[in-house]
Amino acid sequence: MSEYQKYYVPDQSKWPIIATFGLGTTLFGAATIMVDGGQGASTSSGWMIFTVGLLLMAYMIFGWFGSVVRESRAGLHSPQMDRSFRWGMSWFIFSEIMFFAAFFGALFYARVFAVPWLGGEGDRGSSNMLWEGFQATWPLINTPDPSLYPAPKGVIGPWGLPLINTILLVSSSFTITVAHHALKADKRKKLKLWLGATIILALVFVGLQAEEYMHAYQELNLTLQSGIYGSTFFMLTGFHGAHVILGTIMLTVMLIRISKGHFSADNHFGFEAAAWYWHFVDVVWLMLFVFVYVI
Amino acid sequence: MRVRAKRALALCGLALFPVMSMADWTMNMSPGVTQTSNDIYGLHMTILWICVVIGVVVFGVMFWSIFAHRKSRGHKPANFHENTTVEVLWTIIPLVILVAMAIPATVTLIDMYDTTEADVDIKITGYQWKWKYDYLDDEFGYFSSLSTPRDQINNRQTKGENYLLEVDNPLVVPVGQKVRLLMTANDVIHSWWVPEFGLKKDAIPGFINEAWIRVDTPGTYRGQCTELCGKDHGFMPIVVEAVPQAEYQTWIGEQRAAAEKEKELTQKEWTMAELMERGEKSYQSTCAACHQADGSGLPPSFPALRGSAIAVGDIAGHIDIVVNGKRGTAMQAFGEQLNEADIAAIITYERNAWGNNVGDMVTPKEIFDYKIQQQQ
Amino acid sequence: MSTVADAHTSEHSLEQNHDHHGPAKGWTRWLFTTNHKDIGTMYLIFSFTMFLLGGTMAMVIRAELFQPGLQIVQPEFFNQLTTMHGLIMVFGAVMPAFVGLANWMLPLMIGAPDMALPRMNNWSFWLLPCSFLILVSTLFMDGGGPNFGWTFYAPLSTTYGPPSTTYFIFALHIAGASSIMGAMNVIATILNMRAPGMTLMKMPLFVWTWLITAFLLLAVMPVLAGVLTMMLMDINFGTSFFDASGGGDPVLFQHIFWFFGHPEVYIMILPAFGAISHIVPAFSRKPLFGHASMVYATCAIALLSFLVWAHHMFTVGIPVAGQLFFMYATLLIAVPTGVKVFNWVATMFRGSMTFEAPMLFAIAFIILFTVGGFSGLMLAIAPADFQYHDTYFVVAHFHYVLVPGAIFGIFASAYFWLPKWTGYMYDETLAKTHFWLSFVGMNLAFFPMHFLGLAGMPRRIPDYALQFADFNMVSSIGAFLFGATQLLFLFIVVKCARGGGEPAAANPWDGAEGLEWTVPSPAPYHTFSTPPEVR
Ligand code: HEA
Ligand code: HEA
Ligand code: CUA
Ligand SMILES: [Cu+2]
């Protein structure tokens, strides 16, 4: 066990309770919007609740992170405190991996079990009795009941946009590492340059992904509603996209902090956390590329 | 000493007396009437006894310590901890017991999964809240739903012997033959269980699960749906009659003839009174579970039909919701479940009962035409 | 104002440094607090409130099942009660109680000044009342609250669920976020804040079991979030994860749910194992037999728990090879669990035992949890499970591992540590009465459920056939006795907290060991500002 340092225990803070109200209100509002929408209402009081919640959340995030940053700059964070942050962030990323695992699990299950069974293969193949004429294929270009879940006209091949996107994300993982080394060597200019490059790569990725979605919805009729293929496709890529956006925001905040002169060669956990997150997003994409697009 | 023992015995006997005098204090699984259920019973008893023996040994040591090594008796604590031999032993021994247990279980399980070479195929479909039995080899089928009167459930009438375990049309199977059951469901997951057959299998919408039974003794066997399936999950029993082969054949013949007869009902000319009478009966057995006997429903989950805009409105809309149901709600497509005569009768009844005095009527022919038209 | 462990910090200009001050004044103390003891207390109070709420629902269930026929509630509402009872007990009572104990005890046991991430700690707590406010409010919405069981199987909960299901989903999302953050905090605390000299293998068992529990939480709560999200999409955005018409499968839901659900049941028992491993040695006045093997057993249980989920699904028609795999894996769990039981018994053997309330609850825990474990083993035999599944035999099994398991474990811990928390001894006579009434009531309530299940009574039904009448009546009477007894517990704790007993010494128990007993009772608001040295 290493030597024990002074540990900063922040006193009374109003942020957690504001965060609670924020999150509760946001989600309550979201639920209200969905329930009203499901019942065919054209307007919903949920929007107002939702917006208030979001504003609270935004206020909270600025406030909370603001005070953590101030504490850090005031030198209150001992190396031990730093390790707490590191453990916290690592396990948070672990939990995110498990979240994606659930969706990958759904994808494997559908491909390997459910769809073949419905098509008459395997242990529960007699299920095909209920879906006359349905044949198992993957990607699923027909569904057991097309009147409810119209099948897509086609799917997105891996070697076009997805390949470009893969290259973009892999390079961004590379650029962020270069930036990190620059930070450690205290080369601020180089740091800003490479971090900026990472952000640009990220933005292009998001743009191309949006392009791909538009193509899927408008030309291929590949939607959330087009059966299990569409469901897994959009949920996996969609959640990944959301994480990319979140990661990009983190990186942007880092860039702003760096231009304000924050971080030093040996104290820059905020930056590292964002970088870790970015690598995680990248790895998830590689999995996606292989399992969703290629095979 | 001996007197004491006798007295203790007598006391035990007295304590046990009420238990023995009431037949209903059933405490154990029944061995059942199929080979499978007997195998399961065997497994159950074996593992039960294994657990009892382990329990006696472990708790024996514990109670001995509690008794002998208490501070109030002045016992001084020892200070030992850790002992590799003991620790290895109490890892290995349970492991061996478990392996011994797993072997017969594996054999039984594999046998249960073997649905090949069946003599009779029956498809079982779970609905909210009734069962449908389709005899695939003979091309007929029927619904089976709870026949216990609502008054018994609501304590307005004394409860019968087979309270909640009785149905209008039981499933009939031949004795001594391997019957393959194909289970599925129409809406949510149900589960078909008859304890005496040792068979419980989930009925899953969109998929078919296979299972089989071979009943050795004729008789009536009762079970229940065992997967939570909504409001009346507790009210969808299963009754199976196992009959000798000859009797089974006669029964099949009757059913096929009756199925033929049903078709003629559509062609018959119906009067309003006939429709209302048939309609009331069918309504009570099919629709009342949700919309209630007096049409008041259970809003907001189940709308009232008394004064409902649909039930007193345009007749086409009324036919549509009954025949096609409404997807995503408990309101099923009854077009597939009921014959034209029943649908016509029910609609007529709904439009004219409980003060819904619309005055019009629908004939089975009209329903027939409506269905034909829909198929195009 | 901040508290810095080192009294000589001076360089920071932001806030002033008042060392070792007490709690803030007024109600904002509780809203804004970052103190692990305050947060622990709030968790425990919240948990007990939820226990009363969930228990009250159980009382209504038992009252309805007192006799055949429908008397008090309609089936529609009965299903909501069952569902809410399960959800509230699992997510509202047991899990928060253990987090509360962790908050109070982990820093004391490892010699840390507080939890590693104190502000997030506060957030984890306050998310819970928020979550349960939403959850309980669904009962008052159009169409009622969740009525599909605490396992919320699709498609009953998706296509056929009430409109309030969307609120239910978000409520559980919030509870999940709370658990994940709580677990991150626990893990960071244990891995990073131990006093110098406390190596991993020297760590007390409650700390160890919580470390493993936190790992389980981090691994499976996100999976729950995932399955909830799929439900949300199926309900509101037209996906078909659980609908065969689009190529999905309702059974997929069950696989993902139980991948979360089975580790979840160990989340509800491992911390209790840890606490019992402190209490038994303390009152046997003899060191725990096999500290290391306890640690390995805990790890083994946690790892195995990821491989057994489908034992809840033996009847859904998984292929026979899968069936066998899950049967074998499930049986294996008995081995490490057995090691634990044997260790406790060996600890008592040749000790010098006394039987204060914590010890009574601990002994009952060992016996009755084992009984529940045995019925679990019977359930694990796949062919036999065809008869047991979804009957009251299962209800008996899990109440035996949860009530005399998790709940008795919590009671034992509460009595064990109350002197440390409040500075006073609880009323021993009342506590023993609480134990004996609970013991009798609980067995009367849940033992007959084995018979009911074996005789063929399905679970989740509001009404039953006549042959089940007698045992149901016995069970209801037991449940009322057990329920009423818990008010006594409330009384004992309130009395103790208000100073109604003897002042407690720093270590009120003869045989108790550990850092937590080196600080005065009640534990000061801030402890271990300078870390203790562990040999
Ligand atoms: C704290 C919670 C908890 C714990 C610890 C356990 C522990 C175990 N459970 Fe249980 N279980 C639940 C909570 C829990 N369970 C719940 C809530 C459900 C129902 C969910 C629902 O459907 O709503 C359930 C359901 C459930 C099922 C599904 C039943 C069904 O729906 O058909 C099964 C099947 O295998 C099972 C098995 C086991 C086993 C093998 C253990 C083992 O871990 C037990 C191990 C312990 C022992 C065996 C005793 C001590 C050991 C010895 C003394 C050693 C020697 C012994 C031998 C070698 C025999 N459980
Ligand atoms: C940790 C978890 C936990 C705990 C502690 C309990 C505690 C109790 N549970 Fe249950 N239970 C579950 C978890 C738990 N349960 C789960 C997961 C299910 C499955 C749900 C599902 O099927 O989806 C279930 C299901 C379940 C059923 C089956 C319902 C059904 O299938 O329809 C029953 C039936 O008797 C039951 C009873 C009880 C009783 C009597 C208690 C008692 O121990 C409760 C005692 C506590 C109190 C009573 C509160 C304190 C006292 C007061 C508030 C004063 C008022 C008192 C009186 C009026 C007497 N529970
Ligand atoms: Cu059908 Cu329960
Ligand atoms: Cu389990």
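Just above, that's the structure.
This is a predicted model, so every value here is computed, not measured. (Residues numbered from 1 in each chain as written. Chains lettered and ligands numbered in written order. Predicted model: local features only at pLDDT ≥ 70, side-chain atom pairs only at ≥ 80, totals over all residues. Heavy atoms only, no water.)

## Focus on the environment of Ala345(B)
All names here are of chain B.
Consideration 1: When you line up the elements, Ala 345 lands in helix H10 (residues 340-352).
Consideration 2: A sequence separation of 141 residues divides Ala 345 from Ile 204, and the C-alpha atoms of the two residues are 31 Å apart.
Consideration 3: Ala 345 has contacts with Leu 275, Arg 278 and Gly 279, leaving out every residue within four places of it along the chain. (Helix = DSSP H or I, 4+ residues; strand = E, 2+ residues; numbered from the N terminus. Contact = heavy atoms within 4.5 Å.)

## Overview of the side chain of Arg180(B)
All names here are of chain B.
Consideration 1: If you trace the backbone, Arg 180 turns up in strand S5 (residues 179-185).
Consideration 2: A polar side-chain atom of Arg 180 sits 3.2 Å from a polar atom in the side chain of Asp 121.
Consideration 3: A distance of 3.0 Å separates the side chain of Arg 180 from the side chain of Glu 210, its partner in a polar contact.
Consideration 4: Ignoring any residue separated from it by four or fewer positions in sequence, one finds Arg 180 in contact with Thr 115, Ala 118, Val 120, Asp 121, Ile 122, Glu 210, Ala 211 and Trp 212. (Polar contact = N/O pair within 3.5 Å; in protein donor to acceptor, adjacent residues only side chain to side chain.)

## Examining empty space enclosed by the protein
Consideration 1: Considering all chains together, one arrives at seven cavities of 30 Å³ or more under this definition.
Consideration 2: In this model, the largest cavity occupies a volume close to 160 Å³.
Consideration 3: Sorting elements by how many residues they give to the lining of the largest cavity places helix H5 (residues 165-192) of chain C first, with six residues.
Consideration 4: Counted by class, the lining of the largest cavity contains 14 nonpolar, four polar and no charged residues.
Consideration 5: Approximately 130 Å³ is the volume found for the second largest cavity.
Consideration 6: Contributing to the lining of the second largest cavity are 14 residues, with Thr36(B), Met112(B), Leu199(B), Ala211(B) and Trp212(B) lying nearest its centre. (1 Å grid on protein atoms, 1.4 Å probe; cavity = no way out; pocket = protein on both sides within 12 Å on 5 of 7 lines; lining within 4 Å. Points joined across faces, edges and corners; volume = space filled by probe spheres on them. Nonpolar A, V, L, I, M, F, W, Y, C, P; charged D, E, K, R; others polar.)

## A closer look at the pattern of salt bridges
Consideration 1: Across all of its chains, the model carries 22 salt bridges over all chains by this definition.
Consideration 2: The salt bridge involving Glu340(B) is made with Lys371(B); its shortest N-O contact spans 3.3 Å. Separated by 31 residues along the polypeptide, Glu340(B) in helix H10 and Lys371(B) in helix H11 (residues 364-375) bring together distant segments of the chain.
Consideration 3: Residue classification places Glu340(B) among the buried residues on the basis of a relative accessible area of 14%.
Consideration 4: One salt-bridge network, held together by shared partners, links Asp82(A), Arg86(A) and Glu272(A). (Salt bridge = Lys/Arg side-chain N within 4 Å of Asp/Glu carboxyl O. Buried < 20%, exposed > 50% of the residue type's maximum accessible area, 1.4 Å probe, protein only.)

## Side note on the coordination of the copper ion (ligand 4)
Residues and elements named next belong to chain C.
Consideration 1: For the copper ion (ligand 4), the full set of protein donor atoms is His 262 (ND1), His 311 (NE2) and His 312 (NE2), and the range of their distances to it is 1.9 to 2.1 Å.
Consideration 2: In this structure, the copper ion (ligand 4) lies 4.5 Å away from the iron atom of ligand 1. Of this pair, His 262 sits in helix H7 (residues 250-267) while His 312 is found in the loop between helix H9 (291-304) and helix H10 (320-332), placing the two residues 50 residues apart along the sequence. (Donors = N, O, S within 2.8 Å, 3.2 Å for Na, K, Ca; no water.)

## Some details on the interface of chain C and chain B
Consideration 1: The partner chain B presents 95 residues to the 100 residues of chain C that form the contact.
Consideration 2: In total, chain C and chain B occlude about 8,200 Å² of area from one another, counting both sides; carbon and sulfur atoms represent 70% of this.
Consideration 3: Together, Phe289(C), Phe386(C) and Gln387(C) form the three largest contributors to the area buried by chain C at its contact with chain B, with a combined 9%.
Consideration 4: Applying the counting rule to chain C against chain B returns one salt bridge.
Consideration 5: For the pair chain C and chain B, the number of links is 25 residue pairs in polar contact (both at pLDDT 80 or more).
Consideration 6: Class assignment of the residues belonging to the side of chain C that touches chain B gives a composition of 60 nonpolar, 26 polar and 14 charged. (Buried area = accessible area lost by both parts, 1.4 Å probe.)

## Comments concerning the site of ligand 2
Residues and elements named next belong to chain C.
Consideration 1: Taken together, 34 residues surround ligand 2, and among them Arg 62, His 85, Trp 150, His 399 and Arg 460 come closest.
Consideration 2: With respect to ligand 2, the side chain of His 399 contributes an N or O atom lying 2.8 Å from a nitrogen atom.
Consideration 3: Note that an oxygen atom of ligand 2 is positioned 2.6 Å from one of the backbone N or O atoms of Arg 460.
Consideration 4: Sorting the residues of the shell around ligand 2 by element identifies helix H2 (36-64), helix H3 (75-110), helix H14 (392-422), helix H15 (428-455) and helix H16 (469-497) as the ones contributing at least two each.
Consideration 5: No other element matches H2, which puts eight residues into the shell around ligand 2.
Consideration 6: Residues belonging to the shell around ligand 2 are distributed by class as follows: 22 nonpolar, nine polar and three charged. (Near = heavy atom within 4 Å.)

## Notes on the coordination of the iron atom of ligand 2
All names here are of chain C.
Consideration 1: Those protein atoms acting as donors to the iron atom of ligand 2 are His 85 (NE2) and His 399 (NE2), and they sit at 2.0 Å.
Consideration 2: Taken together, the six donor atoms coordinating the iron atom of ligand 2 and their angles of 88 to 180° define a geometry best described as octahedral. Here His 85 is found in helix H3, whereas its partner His 399 is found in helix H14, with 314 residues between them in sequence.
Consideration 3: Overall, the relative accessible area of 15% leaves His 85 in the buried class. (Tetrahedral: all angles 85-135°; square planar, octahedral: opposite > 155°, others 65-115°.)

## Things to note about the interface of chain A and chain C
Consideration 1: Taken together, the contact pairs 71 residues of chain A with 85 residues of chain C.
Consideration 2: Buried surface at the junction of chain A and chain C, summed over both partners, amounts to about 6,900 Å²; 72% is from carbon and sulfur atoms.
Consideration 3: Our count for the chain A to chain C interface comes out at 13 residue pairs in polar contact (both at pLDDT 80 or more).
Consideration 4: Of all elements in the fold, only strand S1 (8-10), helix H1 (15-38), helix H2 (46-73), helix H3 (79-118) and helix H6 (227-259) of chain A reach the threshold of two or more residues within the side of chain A that touches chain C.
Consideration 5: If you tally residues by element for the side of chain A that touches chain C, the top one is H3(A), at 21 residues.
Consideration 6: Among the residues making up the side of chain A that touches chain C, the classes are represented as 45 nonpolar, 17 polar and nine charged.

## Quick word on the sheet that holds strand S8 (residues 209-213) of chain B
All names here are of chain B.
Consideration 1: An order of S3-S2-S1-S5-S8 is seen for the five strands of this open sheet, with the pairing classed as mixed. Where the open sheet ends on each side, the last strands, each with one partner, are strand S3 (140-144) and S8. Neighbour-to-neighbour, the strand axes of this sheet turn through a mean angle of 25°, independent of strand direction.
Consideration 2: Sheet topology note: the strand S1 (residues 120-127)/S5 ladder contains seven bridges and is parallel. Bridge pairing in S5 places Val 120 opposite Val 179. (Pairing = 2+ DSSP bridges. Axes fitted to C-alpha atoms, helices over the stretch in contact; angles between N-to-C directions.)

## Focus: the sheet that holds strand S9 (residues 219-225) of chain B
Residues and elements named next belong to chain B.
Consideration 1: One open sheet holds the five strands; their spatial order is S4-S10-S9-S6-S7, and the pairing between them is mixed. The two strands at the open ends of the sheet, each matched to only one other strand, are strand S4 (171-174) and strand S7 (199-203). Put simply, the sheet's adjacent strands are angled 25° from each other on average, direction ignored.
Consideration 2: The sheet contact formed by strand S6 (residues 190-194) and S9 spans two bridges and is antiparallel. Residue pairing for S9: Trp 193 is matched across the bridge by Gln 224.

## Notes on the site of ligand 1
Consideration 1: By nearness alone, 32 residues border ligand 1, and Tyr266(C), Asp385(C), His389(C), His397(C) and Arg459(C) come closest of all.
Consideration 2: Near ligand 1, the surrounding residues belong to chains B and C.
Consideration 3: Here an oxygen atom of ligand 1 sits 3.3 Å away from a polar atom, N or O, in the main chain of Ala380(C).
Consideration 4: Elements with a minimum of two residues in the shell around ligand 1: H7, helix H11 (334-348), helix H12 (357-380) and H14 of chain C.
Consideration 5: Per-element tally for the shell around ligand 1: the top contributor is H12(C), with eight residues.
Consideration 6: When its residues are assigned to classes, the shell around ligand 1 shows 20 nonpolar, ten polar and two charged.

## Describing the pairing of S5(B)
Residue and element names in this part refer to chain B.
Consideration 1: Of all the seven residues making up S5, seven are buried; the element is thus mostly covered by neighbouring parts of the structure.
Consideration 2: Neither face of S5 is left uncovered, since the one carrying Val 179, Leu 181, Met 183 and Ala 185 and the one carrying Arg 180, Leu 182 and Thr 184 both have all their residues buried.
Consideration 3: The pairing of S5 with S8 spans five bridges and is antiparallel. Counted as the bridge partner of Val 179 is Ile 213 from S8.

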